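Listed here are the chains, written in short residue letters.
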Amino acid sequence: MNVHDIGRRRRYEDNEFTLRVYPGNIAEGTIYCPVTARKNTSAAEVIETLIYKLQLEKTKCYVLAEVKEFGGEEWILNPSDCPVQRMMLWPRSALENRFSSEDYRFLLREKNLDGSIHYNNLQSWLRVTEERRRMMERGFLPQPPQKDYNDLCNLPDLNEKALLDNLRNRFKQEKIYTYVGTILIAINPFKFLPIYNPKYVKMYDNHQLGKLEPHIYAIADVAYHAMLQRKKNQCIVISGESGSGKTQSTNFLIHHLTALSQKGFASGVEQIILGAGPVLEAFGNAKTAHNNNSSRFGKFIQVNYQETGTVRGAYVEKYLLEKSRLVYQEHNERNYHVFYYLLAGSNEEEKKGFHLQEPEEYHYLNQMTKKPLRQTWDDYYYDSELQDSFSVEGEDLKHDFERLQLAMEMVGFLPKTRKR
């Protein structure tokens, strides 16, 4: 590391960022509280500032929670976690609209004496829901009209049309999960649904499979408790077509398995596994004709637990990487993301030091920018209306490169290793 790298790093760490923390019912009348923080400012220091600004009771214990989607699950930050570093891993759209969007945000929560998090009326909501279910089972309340089956094994007629019609009807009601016995079918809605918040974590905790509406949390919960009761390893296989949501389903599983073992607190193992996501995506994902962020490799994640059920460690292994993409890409497809991140995100000094050029100058990146069309056997021409494969709508390569560097640093890559 030279003097310029050290100076650049110090300037980056000294930059100040504004965090908007939403206190909720803890401070009535306050929608959010702005807090100025640096990259190395801890969650404990942010909470101290909030207690002073909002004039909260110092005898109570508060924690900082991160929500990455509207209606999504809340992940409690440890006192030593740095909120700015976690915020920098958010997508570019969330960073640009973080002062107006509610999708990605920080919340201030109060911790109960038993160590659990106080979620206002969560317990009463669960109690009313359970009472209504029992009254319907006893016949005191009418059963809701069942227009679909949450388990395909219960269909009166097992044929292709009945299966597809049932999945279609459930999808129109935003019921993206359906059982086939112990198998879970997930249909990608291509939007976020508010079914991953603490209410659902509590609802599916230690419940028999099939008693509640199908959910990916139910699969994680059954595997977790089966491991504790039977003292045997459990395996969850996720498969599907490109763009079906395998990566996102994996993230939901890791989140829920960690929530079960850590009671909602984001452990260091969970942070490293999810923090490694941008690194694996940069070196193993590419734009294809049907998916702008297609994983071109398989991933095996092994999470190890102690006998008490807490996470002890994890192991991530990649396999079946599509190596041929390095030297050849089909029409309207690209090489792996990391090449474009490096060429677009490097500053002038880095470009000069590594002798970097424009993407169009490299043979392995400019092969299929235009598709040759043939009118006759002896006549070839190129469709000039087709866009090149270097640009992707909504993509910011410079931001993705900065996000990759921060993710590599959080995972544990040294500066010399990152340069290589």
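Within each chain, residues carry numbers counting from 1 in the order of the written sequence. A pLDDT threshold of at least 70 governs which residues receive local features in this predicted model, and a stricter bar of 80 or more applies before side-chain atom pairs are shown or counted, although totals over entire chains, interfaces and linings include all residues. The basis for every side-chain value is the complete set of non-hydrogen atoms in the structure, without hydrogens or water.

Asks: I'd like a rundown of the overall build of the protein chain, residues and numbers included.
Replies: Each helix and strand counted, the protein chain has 14 helices and 13 strands in total. The buried label applies to any residue whose accessible area, calculated with a 1.4 Å probe on protein chains only, is under 20% of its type's maximum; exposed applies above 50%, and partly exposed to all values in between. Here the protein chain holds 420 residues, and 37% of them are scored as buried. Of all intrachain contacts in the protein chain linking residues separated by at least 6 positions in sequence, the fraction that spans at least 24 positions is 58%. Residue exposure ignores everything except the shown protein chains as possible cover, and the areas themselves are Shrake-Rupley values with a 1.4 Å probe. Carbon and sulfur atoms make up 50% of the accessible area of the protein chain, which totals about 25800 Å². Secondary structure is summarised from DSSP: a helix means a run of H or I of at least four residues, a strand means a run of E of at least two, and numbering begins at the N terminus for each. Note on definitions: a residue-residue contact is assigned when non-hydrogen atoms from the two residues lie within 4.5 Å.

Asks: With reference to specific residues and values, describe the pairing of strand β3 (residues 61-67).
Replies: Every other side chain in a regular strand lies on the same face of the sheet, so the side chains alternate between the two faces. For β3, a buried count of 6 out of 7 residues is recorded, marking the element as mostly surrounded by other parts of the structure. As defined by bridge partners, β3 adjoins strand β5 (residues 105-111) across 7 bridges and the pair is classed as antiparallel. Across the sheet, Cys-61 pairs through a bridge with Lys-111, a residue of β5. Note that β3 and strand β4 (residues 74-76) share 3 bridges and pair antiparallel. Bridge pairing in β4 places Val-67 opposite Glu-74. Here, strands pair whenever DSSP counts at least two bridges between them.

Asks: So what's going on with the side chain of Thr-288? Which residues, and what values?
Replies: Locating Thr-288 in the fold gives a position in the loop between β8 (285-286) and β9 (294-295). Those residues in contact with Thr-288 that sit more than four places away from it in its chain are Ser-294, Arg-296, Arg-325, Asn-332 and Glu-333.

Asks: An account of a nonpolar patch on the surface is needed here, citing residue identities and associated values.
Replies: A contiguous nonpolar patch, built from Leu-326, Val-327, Tyr-328, Phe-339 and Tyr-364 and spanning about 460 Å² of accessible area, is present on the exposed surface. Among the secondary structure elements, Tyr-328 is positioned in the loop between β11 (311-319) and α11 (337-345). Excluding any residue in a salt bridge, patches collect residues exceeding 30% relative accessible area, merging like charges within 9 Å and nonpolar Val, Leu, Ile, Met, Phe, Trp and Tyr side chains within 5 Å. Salt-bridge detection follows one rule: a side-chain nitrogen of Lys or Arg within 4 Å of a carboxyl oxygen of Asp or Glu.

Asks: A description of the pattern of salt bridges should follow, citing residues and the corresponding values.
Replies: In total, this model carries 13 salt bridges according to the counting rule given. Linking Asp-148 and Lys-175 is a salt bridge whose minimum nitrogen-to-oxygen distance equals 3.9 Å. Placement of the pair is Asp-148 in the loop between α5 (122-138) and α6 (160-172) and Lys-175 in the loop between α6 and β6 (177-180), with a sequence separation of 27 residues. On the basis of relative accessibility, which here comes to 7%, the residue Asp-148 falls in the buried class. Given a relative accessible area of 27%, Lys-175 falls into the partly exposed group. A salt bridge links Asp-165 to Lys-161; its shortest N-O distance comes to 2.7 Å. Placement of the pair is Asp-165 and Lys-161 together in helix α6, with a separation of 4 residues, close to one helical turn. With relative accessibility at 24%, the residue Asp-165 sits in the partly exposed group. For Lys-161, a relative accessible area of 60% corresponds to the exposed category. Beyond isolated ion pairs, a larger network of salt bridges with shared partners links Asp-148, Arg-170, Lys-175 and Glu-213.

Asks: Requested: an account of the packing of α11 against helix α13 (residues 397-411), with residues and values cited.
Replies: For any two helices packed against each other, the geometry is given by the interaxial angle and the distance between the axes. Where α11 meets α13, the closest approach of the two axes is 8 Å, and the angle between their N-to-C directions is 105°. By the angle class used here, α11 and α13 are roughly perpendicular. Where α11 approaches α13, its residues Val-338, Tyr-340, Tyr-341, Leu-342, Ala-344 and Gly-345 are matched on the opposing element by Leu-397, Lys-398, Asp-400, Phe-401 and Leu-404. For every element, the axis is a line fit to its C-alpha atoms; helices are fit only across the contacting stretch, and the angle between N-to-C directions ranges from 0 to 180 degrees. If an angle is under 35 degrees, it is roughly parallel; if it is over 145, roughly antiparallel; if it lies from 65 to 115, roughly perpendicular; otherwise it is oblique.

Asks: Pulling in residues and values, what's your account of the sheet that holds β4?
Replies: Across the sheet, 5 strands lie side by side as β2-β1-β5-β3-β4; this open sheet has mixed pairing. Taken across any chain shown, the strands that pair with only one partner, and hence form the sheet edges, are β2 (33-37) and β4. Each strand of the sheet is rotated relative to its neighbour by a mean of 40°, with strand direction disregarded. Along the sheet, helix α2 (residues 43-54) makes contact with β1 (17-22), β2, β3 and β5, crossing β2 at roughly 140°.

Asks: Summarise α2; cite the residues concerned and give the values.
Replies: Multiplying 1.5 Å by the helix residue count minus one yields the expected span of that helix. Along its 12 residues, α2 runs 16 Å from first to last C-alpha, staying within 8% of the 16 Å computed at 1.5 Å per residue. At its buried positions, α2 is contacted by β1, β2, β3, α3 (83-88) and β5. Two residues or fewer after α2 comes Gln-55, characterised by a positive phi angle close to 55°.

Asks: Residues and numbers for the packing of aromatic side chains, please.
Replies: Here is the rule: rings of Phe, Tyr and Trp (six-membered ring for Trp) pair when centre to centre is within 6.5 Å. Planes less than 30 degrees apart are stacked, more than 60 are edge-to-face, and the remainder are tilted. One pass over the structure, following the stated rule, counts 7 aromatic pairs. Considering the side-chain rings of Phe-192 and Tyr-196, the 5.5 Å spacing of their centres and the 50° angle between planes classify their relative orientation as tilted. Here Phe-192 falls in the partly exposed class, since its relative accessible area comes to 26%. For the ring pair Tyr-224 and Tyr-305, a centre distance of 5.6 Å and an interplane angle of 65° mean the geometry is edge-to-face. Taken together, the positions of Tyr-224 in helix α8 (residues 216-230) and Tyr-305 in strand β10 (residues 298-305) put the pair 81 residues apart, joining distant regions of the chain.

Asks: Explain the environment of Asp-396 residue by residue, including any values.
Replies: Within the element layout of this structure, Asp-396 appears in the loop between β13 (379-382) and α13. Polar contacts, as used here, are pairs of N or O atoms within 3.5 Å; protein pairs need one atom able to donate a hydrogen and one able to accept it. Residues neighboring in sequence count only if both atoms are side-chain atoms. Among the polar contacts listed, one links the side chain of Asp-396 to the backbone nitrogen of Lys-398, at a separation of 3.3 Å.

Asks: Now, about the environment of Glu-48: what can you tell me, with residues and values included?
Replies: Here Glu-48 lies in helix α2. Between the C-alpha atom of Glu-48 and that of Lys-58, which follows or precedes it by 10 residues, the distance is 9.1 Å.

Asks: Could you give an account of unusual backbone geometry, naming the residues involved and the relevant values?
Replies: Of note, the phi angle at Glu-174 is positive, near 60°, even though the residue is not glycine. Locating Glu-174 in the fold gives a position in the loop between α6 and β6. Note on Glu-174: relative accessible area 42%, which makes it partly exposed. Here the phi dihedral of Asn-332 falls at roughly 65°; this positive angle occurs in a residue that is not glycine. Mapped onto the elements of the fold, Asn-332 is located in the loop between β11 and α11.

Asks: Mind laying out the pairing of β5, listing which residues take part and the relevant values?
Replies: Most of β5 sits out of view: 5 of its 7 residues are buried. As paired strands, β1 and β5 are joined by 2 bridges and run parallel to one another. Looking at the pairing, Val-21 lines up with Phe-106 of β5.

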